[in-house]
Amino acid sequence: MNSEFLQQCRPGLILLNTSRGPVLNLSGVGELLESGQLSGLALDVFPEEPLFKKNIAYQKEISSLLQRPDVLATPHVAGWTLESYRKISEVLAQKIISEIL
């Protein structure tokens, strides 16, 4: 999705991206929020991660979006629970044991 696609949507849309970062091109999204075309933006993923790379233009765009009151950003860590860490550790231990024996 990009700003051209989003301009064709009904005004006032609240956009949530919890899938994959590159699905949404953030270029121009700030202007859509300013104009009211978008009422809000929630991001759990970003087009480029880690967020703050050497790309200065990208850093400025992300920083300005994250400072807006109509933007909510969360870390993409839903699968990282105590249970998932335990399961990963168990599988890893079993693989190590099977390689040794």
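Residues numbered from 1 in each chain as written. Predicted model: local features only at pLDDT ≥ 70, side-chain atom pairs only at ≥ 80, totals over all residues. Heavy atoms only, no water.

**Some thoughts on the pattern of salt bridges**
With the rule as written, the count across this model stands at two salt bridges. Note that Arg 68 and Glu 34 form a salt bridge whose closest N and O atoms lie 2.5 Å from each other. Remark: Glu 34 occurs in helix H2 (residues 29-35) and Arg 68 occurs in the loop between helix H3 (56-66) and strand S3 (71-73); sequence separation between them is 34 residues. What makes Glu 34 exposed here is its relative accessible area of 60%. For Asp 70, the salt bridge identified is with Arg 68, shortest N-O distance 2.8 Å. Ionic contacts of the salt-bridge type, sharing partners, join the residues Glu 34, Arg 68 and Asp 70 into one network. (Salt bridge = Lys/Arg side-chain N within 4 Å of Asp/Glu carboxyl O. Helix = DSSP H or I, 4+ residues; strand = E, 2+ residues; numbered from the N terminus. Buried < 20%, exposed > 50% of the residue type's maximum accessible area, 1.4 Å probe, protein only.)

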